[in-house]
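Residue strings, one per chain:
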Amino acid sequence: MTETTDELPIESHGIEVRDVNKDFGDFQALRDVNLIVPDGSMTALLGPSGSGKSTLLRTIAGLEVPTSGQVFIGGEDQARKPVRTRNVGFVFQHYAAFKHMTVFDNIAFGLKVRKKNRSEIEERVNELIDLVQLTGLAKRYPSQLSGGQRQRMALARALAVEPSVLLLDEPFGALDAKVRKDLRTWLRRLHDEVHVTTIFVTHDQEEAMDIAEQIVVMNGGRIEQTGSATDLYDQPANEFVMGFVGEVNSLGGRLVRPHDTEILPVRSPDSVEVEIDRVVRLGFSGRVEMLTVPDKQEVWAQLTRSELETLNLESGSTAYVRPRPDALTRKDTGALDGTFREVSPDIHRPTYAGPELPV
Amino acid sequence: MTGNGRLSRYGLRFVALSYLSALLLLPIGVALVKTFDQGVGEVITQITKPDAIHALKMSLLTVIIAVPLNTVFGIAAAHVVVRTDFRFKWAINALIDMPFAVSPVVIGLALILVYGTGGWFGADLAAMGIQVIFSTPGIVMAVIFVSLPFVAREVIPVMQEIGTDQETAAETLGAGPWQTFRRITLPAIRWGVTYGIVLTTARALGEFGAVTVVSGNISGETQTLPLYVSQQFETFNSVGAYSASLVLAILALGTLLSMNLLRRREETND
């Protein structure tokens, strides 16, 4: 959990969220949320659907009014400040392109609303079109653009008004995997260029770890942990964070990382019996996919080549697994059940693809 | 299978076309031929009669007043129904449809009950020198009443379809409610509005039942074109009736065509 830092001068923070709660009727979307986003940084809100990440983003933007608590942008309390005067750039998952306007007019919208003079608008918009690599497409309509191009246009539109913060709600969620990867690398580079305090929402841990300096893991309306990708991976605050950031096995009621999973040829007091399902050799390392006996839970271990050669495993044979002595483990309380496959399709979990095993 | 499919396809087309021909194309075609029975000169004589011209002016006046009012109301009502949420929304939704459900004659009678000489406000209005029933205000009110739902009914589904994303985006970019409406919402719903206006215009031009009841049907004074047509027909001046009908048809067609032209021009611009 993030500490509330009342003593710090809030001017030094890009965004600060203090004790925010948000209820929708009986449903508590946000519970006691405290968050500091350093000025000019890039932060990811990561969590399964329904974890409150989008609600938090919309609350910062002013699109939702918190039931209690405060939001500061650049040290200024945003309470009672309507969306349009907050000067936030907001990018929607489904682009929210103005369909009846050209790319140029879409990007120029915020400037026109602010009654800037024409030559100023033209200069700024052309600059942004180049920045988001849509050069030559100024006269196109959104319907004539690809998904990735539309999202870059939406980003340019948000940046046109020189927002104090940039908020992106699952910005790449509607794009296919390849475009998504390119676009996020591109967004990171863009951020290094424009340095605007940025928060983006994602349910994809890889996306968050790839480009964010700070990751906020959310679950059930609460912030579970805030930290860098390394912090979250090496020192997860609880089993939810451990499971959501990085890969885990559940071994005898404990969560353990695949690279901390040890395979033994013989039974030991703390081991779990498994049947070897598949051995995958990947150059210098390898992956062993197993099913626990008798309840057929999928478990996998990441081993070096020499370990693999020493063990000499064959599919169908019996082995025993346990966490390595110095392994990071967390109690498995079932907090992760159901969050994986449904929400994070990019997390690799081995699936059993072989013939039906005799019961 | 394919033979059967073809048969049913052509069969369906035949039924649809025959239905349209028998009910629409044939009568209108015959009316058109009948209009020019005695030559173009006679048609011109008929439609330039003072009573005919007065009826035309009356009809146009009702359109000029009723259409803008119902357009503004329709867009506002659509906004309320689609974008807001409150307990008695279903009631508003049902009320918008009422003019569709109630017979125009009943609407006319209801207006007399409220605004006629013996009605609730009739005496007070008469004291102020305002005559509603058997006069222009009554006709305009009747026309507004019967043509009220069209714009709202056309705009509601379009507004639901476009969602709130674009409006929210405009808001985050600093646009106020009016700017958002003018620059984002209105362009997005424009074809719904246009089609609603065309339907409202057609209905306002053609309204007969409610107007008959409230206008008193005084030729040269409170007669709209449909009433004039009916009166000419009843007094055995069939050429006069058909000629005036032709004017009505041209007005309606003109509205439809100008919408289509507008739309086509915009599409080639896109």
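Since the structure is predicted, the reported quantities are computational estimates derived from the model, not experimental observations.

### Concerning the overall build of chain B
Step number 1: Scanning chain B from N- to C-terminus turns up 13 helices and zero strands.
Step number 2: With the principal axes as the frame, chain B shows a C-alpha extent of 70 × 65 × 35 Å.
Step number 3: Within chain B, buried positions represent 33% of all 270 residues.
Step number 4: At a minimum sequence separation of 6, the contacts of chain B that also span at least 24 residues come to 73%.

### With respect to helix α12 (residues 225-234) of chain B
Step number 1: Within the span of α12(B), buried status applies to L225(B), P226(B), L227(B), Y228(B), V229(B) and Q232(B).
Step number 2: Looking at the residues trailing α12(B), positive phi occurs at F236(B), about 65 degrees.

### Notes on the interface of chain A and chain B
Frequently, the measure chosen for interface size is the accessible area that the parts lose on association.
Step number 1: Counting residues at the interface gives 19 residues for chain A and 16 residues for chain B.
Step number 2: Of all the elements in the fold, those that place two or more residues in the side of chain A that touches chain B are β6 (88-91) and α2 (103-113) of chain A.
Step number 3: Among the elements that line the side of chain A that touches chain B, the one with the most residues is α2(A), at three residues.
Step number 4: Residue composition of the side of chain A that touches chain B, grouped by class: twelve nonpolar, three polar and four charged.

### Topic: the domain arrangement of chain B
Step number 1: Its domain assignment divides chain B into domain 1 (1-35) and domain 2 (39-269).
Step number 2: The C-alpha centroid of domain 2 of chain B is placed 31 Å from the C-alpha centroid of domain 1 of chain B.

### Observations concerning helix α4 (residues 89-101) of chain B
Step number 1: For α4(B), built from 13 residues, the straight-helix expectation of 18 Å at 1.5 Å per residue is met to within 8% by its first-to-last C-alpha distance of 19 Å.
Step number 2: At L95(B), α4(B) is deflected by roughly 25 degrees, the largest bend along its length, and proline P99(B) occurs up to four residues later in sequence.

### Quick word on the nonpolar core
Step number 1: The biggest cluster of nonpolar side chains holds 96 residues, and the ones touching the most others in it are I107(A) and L167(A).
Step number 2: In terms of residues, this core owes the most to one element, helix α4 (residues 147-160) of chain A, which gives seven residues.
Step number 3: Ignoring anything within four residues of it in the chain, the contact list for L167(A) reads L57(A), I60(A), A61(A), V88(A), G89(A), F90(A) and I199(A).
Step number 4: With 49 residues, the next largest nonpolar core counts V146(B), L205(B), A241(B) and L248(B) among its residues.

### Describing the sheet that holds strand β12 (residues 254-256) of chain A
Residues and elements named next belong to chain A.
Step number 1: Taken in spatial order, the three strands make up an open sheet running β11-β12-β18, and their pairing is antiparallel. This sheet does not close on itself; its edge strands, each paired only once, are β11 (249-251) and β18 (329-331). Adjacent strand axes in the sheet meet at a mean angle of 35 degrees when their direction is disregarded.
Step number 2: The pairing of β11 with β12 spans three bridges and is antiparallel. For S250, the partnering residue across the bridge sits in β12 and is L255.

### Details of the pairing of strand β7 (residues 165-169) of chain A
All names here are of chain A.
Step number 1: With respect to burial, β7 is a largely interior element, five of its five residues being buried.
Step number 2: Across the two faces of β7 the burial is the same, with V165, L167 and D169 and L166 and L168 all buried.
Step number 3: Here β6 runs beside β7; their pairing, made up of four bridges, is parallel. Looking at β7, one finds that F90 is bridged to L167.
Step number 4: In this region the chain leaves β7, passes through helix α5 (residues 177-194) and returns to the parallel neighbour strand β8 (residues 197-202); the handedness of that crossover is right-handed.

### Quick word on the pairing of strand β14 (residues 272-282) of chain A
All names here are of chain A.
Step number 1: Relative to strand β17 (residues 318-323), β14 runs antiparallel, the two being bridged by four bridges. Within β17, the residue paired with E275 across the bridge is T318.
Step number 2: Pairing of β14 with strand β15 (residues 285-292) involves eight bridges; the strand directions are antiparallel. Each residue of the ladder has a partner; that of V280, found in β15, is R287.
Step number 3: Remark: two residues form the turn of the hairpin made by β14 and β15, two consecutive strands paired antiparallel; G283 in that turn has positive phi of roughly 65 degrees.

### So, the packing of helix α3 (residues 118-131) of chain A against α4(A)
Residue and element names in this part refer to chain A.
Step number 1: One way to put it is that α3 packs onto α4 with a least axis distance of 10 Å and a crossing angle of 140 degrees. In terms of orientation, α3 and α4 fall into the oblique class. Considering the relative orientation of α3 and α4, their crossing is right-handed. Together, R124, V125, L128, I129 and L131 of α3 and A156, L159 and A160 of α4 make up the contact between the two elements.
Step number 2: Grouping the amino acids of the contact of α3 with α4 by side-chain chemistry returns seven nonpolar, no polar and one charged.

### A look at unusual backbone geometry
Residues and elements named next belong to chain A.
Step number 1: The step from V293 to P294 runs through a cis peptide bond, and the omega angle for that step is 5 degrees.
Step number 2: Mapped onto the secondary structure, P294 falls in the loop between β15 and β16 (298-304).
Step number 3: For A96, which is not a glycine, the phi torsion comes out positive at approximately 50 degrees.
Step number 4: With respect to the element layout, A96 can be found in the loop between β6 and α2.
Step number 5: Of note in the backbone geometry, K296 takes a positive phi value of approximately 55 degrees without being a glycine.
Step number 6: Tracing the chain through its elements places K296 in the loop between β15 and β16.
Step number 7: Look at K296 and you get partly exposed, because 13 C-beta atoms sit within 10 Å.

The rules we used
- Residues numbered from 1 in each chain as written.
- Chains lettered and ligands numbered in written order.
- Predicted model: local features only at pLDDT ≥ 70, side-chain atom pairs only at ≥ 80, totals over all residues.
- Helix = DSSP H or I, 4+ residues; strand = E, 2+ residues; numbered from the N terminus.
- Buried ≥ 20, exposed ≤ 12 C-beta atoms within 10 Å, placed from the backbone.
- Contact = placed C-beta atoms within 7 Å.
- Nonpolar A, V, L, I, M, F, W, Y, C, P; charged D, E, K, R; others polar.
- Domains from an automatic or database assignment.
- Expected span 1.5 Å × (residues − 1).
- Bend = angle between axes of the 7 residues up to and from the residue.
- Core = buried A, V, L, I, M, F, W, Y, C linked by C-beta atoms within 7 Å.
- Pairing = 2+ DSSP bridges.
- Axes fitted to C-alpha atoms, helices over the stretch in contact; angles between N-to-C directions.
- Right-handed = clockwise from strand over helix to strand, strands pointing away.
- Parallel < 35°, antiparallel > 145°, perpendicular 65-115°, else oblique.
- Left-handed = near helix turned anticlockwise from the far one by under 90°.

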